[in-house]
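Take a look at the letters that make up each chain.
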Amino acid sequence: MKPPKPISPFRLSSLLRLQKDPTLALQLFRSPNPNFNPKKPLRYSLLSYDLIISKLGRAKMFDEMEQILHQLKQETRFSPGEIIFCNVISFYGRAKLPDRAIQTFESITGYRCKRTVKSANSLLNALLRCGEFEKVRETFLGIYKDGTPDACTYNILIHACCRIGSLDDAWNVFDEMKRRGVLPNAVTFGTLMYQLCMNLRLKEAFKLKEDMLGVYGVKPNAYVYTSLIRGLCGIDELSSAFRLKEEMVRNELKLDSVVYSSLISALFKAGRKEEAFGILDEMKELGCKPDTVTYNTMINGFCKEKDFEAAFRILDEMVEKGCKPDVISYNVIIGGLCKEGKWIEAKDLLEDLPRRGCAPDVVSYRTLFDGLCHWKQFKEAAFILEEMIFKGFAPRSASITKLVDGLFQECNLELPLTVLDSLGKGNLVDVDTWRIMVLMACKKEKLSNSSKVVDTLVIT
DNA sequence: ATAGGGTTAG
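Residues numbered from 1 in each chain as written. Chains lettered and ligands numbered in written order. Predicted model: local features only at pLDDT ≥ 70, side-chain atom pairs only at ≥ 80, totals over all residues. Heavy atoms only, no water.

- As recorded by an unreviewed UniProt entry, chain A carries the name Pentatricopeptide repeat-containing protein and is attributed to Carya illinoinensis.

1. A closer look at the domain arrangement of chain A
- According to the domain assignment, chain A consists of domain 1 (1-78), domain 2 (272-360) and domain 3 (378-460).
- Placing a centre on the C-alpha atoms of domain 1 and another on those of domain 2 gives a separation of 40 Å. (Domains from an automatic or database assignment.)

2. Concerning the packing of helix H14 (residues 238-250) against helix H15 (residues 257-269)
- As a packed pair, H14 and H15 sit with axes 11 Å apart at the nearest point and diverge in direction by 160°. Judged by the angle between their axes, H14 and H15 are roughly antiparallel. As H14 packs across H15, the resulting crossing turns out to be left-handed. For the pair H14 and H15, contact is made by Leu238, Ala241, Phe242, Lys245 and Met248 and by Val259, Tyr260, Leu263, Ala266 and Leu267, respectively. (Axes fitted to C-alpha atoms, helices over the stretch in contact; angles between N-to-C directions. Helix = DSSP H or I, 4+ residues; strand = E, 2+ residues; numbered from the N terminus. Parallel < 35°, antiparallel > 145°, perpendicular 65-115°, else oblique. Left-handed = near helix turned anticlockwise from the far one by under 90°. Contact = heavy atoms within 4.5 Å.)

3. With respect to the layout of surface pockets
- Estimated volume of the largest pocket: approximately 500 Å³.
- Elements supplying a minimum of two residues to the lining of the largest pocket: helix H11 (186-198), helix H13 (222-234), H15, helix H17 (292-304) and helix H19 (327-339).
- Per element, the largest residue contribution to the lining of the largest pocket is six residues, and it comes from H15. (1 Å grid on protein atoms, 1.4 Å probe; cavity = no way out; pocket = protein on both sides within 12 Å on 5 of 7 lines; lining within 4 Å. Points joined across faces, edges and corners; volume = space filled by probe spheres on them.)

4. Structural notes on unusual backbone geometry
- The backbone phi angle of Asp236 is positive, close to 60°, even though this residue is not glycine.
- Its location among the elements puts Asp236 in the loop between H13 and H14.
- Looking at Asp236, the relative accessible area reads 67%, which means it is exposed.
- The backbone of Lys376 sits at a positive phi, close to 60°, despite the residue not being glycine.
- Assignment of secondary structure puts Lys376 in the loop between helix H21 (362-374) and helix H22 (378-390). (Buried < 20%, exposed > 50% of the residue type's maximum accessible area, 1.4 Å probe, protein only.)

5. Looking at the UniProt feature "repeat: PPR" (unreviewed entry) in chain A
- Look at the UniProt record and you will see "repeat: PPR" (unreviewed entry) annotated at residues 150-184, 221-255, 256-290, 291-325, 326-360 and 361-395.
- Overall, residues 221-255 shows 74% helix and 0% strand. The separation of its end C-alpha atoms is 10 Å.
- With 66% helix and 0% strand, the stretch residues 326-360 has end C-alpha atoms that lie 9 Å from each other. (UniProt positions renumbered as here; feature names shortened; annotations may be inferred.)

6. What to know about the packing of aromatic side chains
- One pass over the structure, following the stated rule, counts 14 aromatic pairs.
- Ring plane angle 50° and centroid distance 5.3 Å describe the contact between Phe189 and Tyr216, whose orientation is recorded as tilted. With Phe189 in helix H11 and Tyr216 in the loop between helix H12 (202-214) and H13, this pair connects stretches of sequence that are 27 residues apart.
- On the basis of relative accessibility, which here comes to 0%, the residue Phe189 falls in the buried class.
- Taken together, the ring pairs connect Phe29, Tyr44, Tyr49 and Phe78 into an aromatic cluster.
- Across the ring face of Phe105, the terminal group of Arg115 is positioned such that the distance to the ring centre comes to 4.0 Å. (Phe/Tyr/Trp six-rings, centres within 6.5 Å; stacked < 30°, edge-to-face > 60°. Lys NZ or Arg CZ within 6 Å of the ring centre and 35° of its normal.)

7. Some remarks on a positive patch on the surface
- On the surface, a cluster of positive charge is made up of Lys20, Arg58, Lys60, Arg94, Lys96, Arg129 and Arg163.
- Relative to the assigned elements, Arg129 resides in helix H7 (residues 117-129).
- Overall, Arg129 belongs to the partly exposed group, its relative accessible area being 38%. (Patch = residues over 30% accessible without salt bridge, like charges linked within 9 Å, V, L, I, M, F, W, Y side chains within 5 Å. Areas by Shrake-Rupley, 256 points an atom, 1.4 Å probe, with all protein chains shown as cover. Salt bridge = Lys/Arg side-chain N within 4 Å of Asp/Glu carboxyl O. Lys, Arg positive; Asp, Glu negative; His and termini not counted. Charge placed at Lys NZ, Arg CZ, Asp CG, Glu CD.)

8. A closer look at the pattern of salt bridges
- The full count for this structure, using the stated rule, is 22 salt bridges.
- Residues Lys321 and Glu317 are paired through a salt bridge, measuring 3.2 Å at the closest nitrogen-oxygen approach.
- Note on Lys321: relative accessible area 45%, which makes it partly exposed.
- Its relative accessible area of 16% is what places Glu317 among the buried residues.
- Salt-bridge contacts for Glu380 lead to Lys347; the nearest nitrogen and oxygen are separated by 4.0 Å. Of this pair, Glu380 sits in helix H22 while Lys347 sits in helix H20 (residues 343-352), placing them 33 residues apart in sequence.
- Members of the salt-bridge network, linked through shared partners, are Asp99, Glu132 and Lys135.

9. Observations regarding the protein's contact with DNA strand B
- Taken together, 39 residues lie around DNA strand B, and Ile83, Asn121, Asn155, Thr226 and Ser261 are the ones closest in.
- A distance of 3.2 Å is found between a phosphate oxygen of DNA strand B and a side-chain nitrogen or oxygen belonging to Tyr194.
- Note that a base nitrogen of DNA strand B is positioned 3.3 Å from one of the side-chain N or O atoms of Tyr223.
- Secondary-structure elements contributing two or more residues to the surface near DNA strand B are helix H5 (82-94), H7, helix H9 (151-163), H11, H13, H15, H17 and H19.
- Grouping the constituent residues of the surface near DNA strand B by class yields 14 nonpolar, 19 polar and six charged. (Near = heavy atom within 4 Å. Polar contact = N/O pair within 3.5 Å; in protein donor to acceptor, adjacent residues only side chain to side chain. Nonpolar A, V, L, I, M, F, W, Y, C, P; charged D, E, K, R; others polar.)

What follows is the structure in structure tokens.
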């Protein structure tokens, strides 16, 4: 048998690109040639660094990602491009780790890489995602160290103003942008339009639509239309919303699944579900594939109508069409079932998720837990509670109060101890839980039992 | 993968 040749740097990059599993990709990166002489280490290409860092960042494997970054720092053969750091900063933003985003930003020059407004923009956006508005301000004030703010910078600031709910501030930034000679683009108008439509300020929104083309020469795109369509649906102007959809066609804008999902959602809310199917057919005819959100919208519609059979049919259709249901698809159904008192079905569905290839999330558990408490299925609730805490998901504290309250009303003094035990394991015993436990126990005047509660509380 | 739009729970 011929001995295999060692992997070349080029080959490593292709293999990394193909490897979907971040852990296996990391293993491959760390020892690409396990059977060869380690004295001749592989000379990693910049591309392979880029690939592994992005994979680890997307998978939130930040310690491993930092190790690779450290290794990259030692390389003297090349200087990494700024884009790598932009990506890392946005991974930290998505993971709600603002301090790490800032650290990364500050470390860039240590990699022999020039810092520009691009990484500053990445940082601004990461801080915005983390809700760190004061730090957004500080970063913006310091941006001139790296260059001058561009359209992207101002767009992020406008978005930040919208997020804190101040359209006035957003307009101020818009004016400032123009004063500085930076041209607003489609994203600028898309962001402003979104906020106007969210607040149902449709008159101003349509004025902005006129101005963006007439005054600024920017053509309204699908983002702008989607906001307007949703705004119109929000004030029950469905026919106007559909007229806008036709206008998109006339303006040769591609109708995408986002536009269609909005319309389908509106049709269901207006009790016109038959037409929703017509829209679904139209999508298919125009070659616009319904995606997970489109199907989720329909599932939600059917659940609101208590038509769970139809909801499950959509779920089957998704699987058939190769569109994978996500955790939201299931959470919607679990929530709908709980609301109707069908908690057995809800529980069965949750327990079936792993088999269906979907990991339940904190919403799945909270929904079922709240549903069980609402229907006074306390034993089941306590069981789910233990499971969710074991998985690291915290219940809402109001739900716990409701559960314990309900148990005492049923004179069940044993189960609260089990609940307390579960909460203790998750370090979730807060002051409210304390209060209600002692209060309820004392109310029942079962002093022996109340002292037992206190004992358990002291231990936890 | 420097910036904006659609579905759930609260």
